[in-house]
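Tertiary structure, described
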Amino acid sequence: MKRQLFSIVTATVFSIVTLSCVSCSSSDKSNAEEITTEPIVTEEPTVQTTLPETVNIDLFDINSLHAILIDADTGEVIAEKAGYDKIYPASMTKIMTAIVAIENFNDLNAYVTIPEEAVAAASALGGSTAGFWGGETITALDLLYGILLPSGCECCISAGIIISGSESAFVELMNQKAAELGMTGTHFENATGLHNDNHYSTPNDIAKLMRYAYSNEIFKQVDTTFYHRAINGKAFSSTMFTKIHDIYGNADVIGGRIIGGKTGTTDEAGSCLCSYAEIYGKRYILCTTNAQYSGLNVADAKTVYNRLGHALDPLS
């Protein structure tokens, strides 16, 4: 009877939630610009000590065609909507690019030089860039910020060349890591996520990858950063945080906030986002793909995490 009453109340609350869908151009399609607005910091929410036996989160009315929500601590699937279907991951690929780079750089504070061919290749492919030019010297850590924050394709290709001698050899390491993680529905063809029919994954696999990546403190440090200035003065900001702050003003949700994530956009993949949130002292990962317009990826993240926060609210 308690579960039935909870479901009725939850459904009633969800029925009055209004989602403002904002159509805007993809932040993955242009160079990042310096952002002066600082993220809004709120007080830490009360830690939830007693969780409901069952948490029912409806994903079927969100904009994204595919979605999966998991408990980041346990890996348990809380809710999914075609979450095991084959999808094109677009720039969410760069989660794998970054974690493989972290695990293969000997010293993240060492200086590296951006290869001329990496910049030329990124330019020819028409991918998003961090704005580095060939021959520029930065640290390996700066390169990671360039991969995850502005979604720099030249940074991805540079990491592949510096670590493995070529992007294709580096992609072999990415596929090896995918196999180690049990990402059985995934195959990578490049380090950037630019479309290739043989470059695919599933929302479940990407969420599994993000869970692994966040176990690495360097990855977490980079991915949760709003704004970074490289050692050479080049500055860029997170595509995800920029989009959220442009639309909503902050990354807050009921009981917590979205603390990190990686966006992705191609014509074939639609608007995608794999995000990481902390709500009532616990951690969650949401992967959504194939939203029709840019901005609907972060809108869906706000909606789903707010629903989760309401369901977990100790006072509700």
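A quick note: this is a predicted structure, and the numbers were derived from the prediction, not measured.

1. Quick word on the pairing of strand β1 (residues 66-71)
- Most of β1 is tucked away: 6 of the 6 residues are buried.
- Here β1 shows no split at all, with His 66, Ile 68 and Ile 70 on one side and Ala 67, Leu 69 and Asp 71 on the other all buried.
- Pairing geometry for β1 and strand β2 (residues 77-81), over 4 bridges, is antiparallel. When the bridges of β2 are listed, Leu 69 appears paired with Ala 79.

2. Some thoughts on the confidence of the model for the protein chain
- Per-residue pLDDT for the protein chain has a mean of 87; in total, 83% of the residues score no lower than 70.
- Confidence over residues 1-50 falls short of pLDDT 50; this stretch has 79 contacts with residues more than four positions distant or in other chains.

3. Observations regarding the nonpolar core
- With 56 residues, the main nonpolar core has Ile 95, Met 96 and Phe 219 as its most contacted residues.
- Aside from chain neighbours lying at most four places away, what touches Met 96 is Met 174, Lys 177, Ala 178, Met 183, Phe 188 and Leu 209.
- Counting residues in each nonpolar core, the second largest holds 27 residues, with Leu 69, Ala 79, Val 304 and Ala 311 among its members.

4. Structural notes on the environment of Asp 61
- Residue placement: Asp 61 occurs in the loop between α1 (2-15) and β1.
- Among the residues examined, Asp 61 registers a relative accessible area of 47% and is labelled partly exposed.
- Residues Asp 61 and Asp 300 lie 239 residues apart in sequence; the distance between their C-alpha atoms is 9.6 Å.
- Polar side-chain contacts of Asp 61 include one of 2.8 Å to the side chain of Arg 307.

5. Comments concerning the packing of helix α2 (residues 93-104) against helix α5 (residues 153-164)
- Across the interface, α2 lies against α5 with an axial gap of 11 Å and an inter-helix angle of 35 degrees. The two elements α2 and α5 meet at a crossing, and its hand is left-handed. Residues Lys 94, Thr 97, Ala 101 and Asn 104 of α2 lie in contact with α5, whose contacting residues are Cys 153, Cys 156, Ala 159 and Ile 163.
- For the contact of α2 with α5, the class distribution of residues is 5 nonpolar, 2 polar and 1 charged.

6. Looking at the sheet that holds β2
- Reading across from one edge, β2-β1-β10-β9-β8-β7 is the order of the 6 strands in this open sheet, with antiparallel pairing throughout. In this open sheet, the two strands that pair with only one neighbour each are β2 and β7 (252-253).
- Lying over the sheet, helix α9 (residues 239-248) contacts β8 (256-266) and β9 (270-279), oriented at roughly 110 degrees with respect to β8.

7. Description of the packing of α2 against helix α4 (residues 140-148)
- Between α2 and α4, the least distance of the axes is 9 Å, while the angle of their chain directions is 170 degrees. Classified by the interaxial angle, the pair formed by α2 and α4 is roughly antiparallel. Between α2, through Lys 94, Ile 95, Thr 97, Ala 98, Ala 101 and Ile 102, and α4, the contact on the second element is made entirely by Leu 144, Ile 147 and Leu 148.
- Here the contact of α2 with α4 is composed, by residue class, of 7 nonpolar, 1 polar and 1 charged.

8. As for the environment of Thr 184
- Structurally, Thr 184 can be placed in the loop between α6 (167-180) and α7 (203-213).
- Along the primary structure Thr 184 and Ser 201 are separated by 17 residues, whereas in three dimensions their C-alpha atoms are 8.5 Å apart.

About the criteria used
- Chains are numbered independently. Their residues run from 1 in the order of the written sequence.
- The predicted nature of this model means local features are confined to residues of pLDDT at least 70 and side-chain atom pairs, given and counted, to a pLDDT of 80 or more, with totals for whole chains, interfaces and linings taken over all residues.
- Derived side-chain values reflect all non-hydrogen atoms in the structure, with water molecules and hydrogen atoms excluded from consideration.
- For every residue, the accessible area (1.4 Å probe, protein chains only) is compared with the maximum for its type, and the residue is labelled buried under 20%, exposed over 50%, or partly exposed between those bounds.
- Strands are runs of DSSP state E lasting at least two residues, helices are runs of H or I lasting at least four, and both sets are numbered from the N terminus onward.
- Following DSSP output, two strands are said to pair if at least two bridges run between them.
- pLDDT expresses, on a scale from 0 to 100, how confident the predictor is about each individual residue.
- Here a residue-residue contact requires only that any non-hydrogen atoms of the pair lie within 4.5 Å.
- What makes a nonpolar core is a set of buried Ala, Val, Leu, Ile, Met, Phe, Trp, Tyr and Cys residues whose side-chain atoms join them at distances within 4.5 Å.
- Polar contacts here mean pairs of N or O atoms no more than 3.5 Å apart (in protein, one a potential hydrogen donor and the other a potential acceptor; neighbouring residues in sequence count only if both atoms are side-chain atoms).
- Orientation is described by lines fitted to C-alpha atoms, with helices fitted over the stretch in contact, and by angles between N-to-C directions that extend from 0 to 180 degrees.
- Handedness of each helix crossing follows the sense of rotation of the near helix against the far helix: counterclockwise by less than a right angle gives left-handed, clockwise gives right-handed.
- Asp, Glu, Lys and Arg are counted as charged, while Ala, Val, Leu, Ile, Met, Phe, Trp, Tyr, Cys and Pro are counted as nonpolar; the rest, among them Gly, fall into the polar class.
- For classification purposes, an angle smaller than 35 degrees is called roughly parallel, one larger than 145 roughly antiparallel, one from 65 to 115 roughly perpendicular, and anything else oblique.

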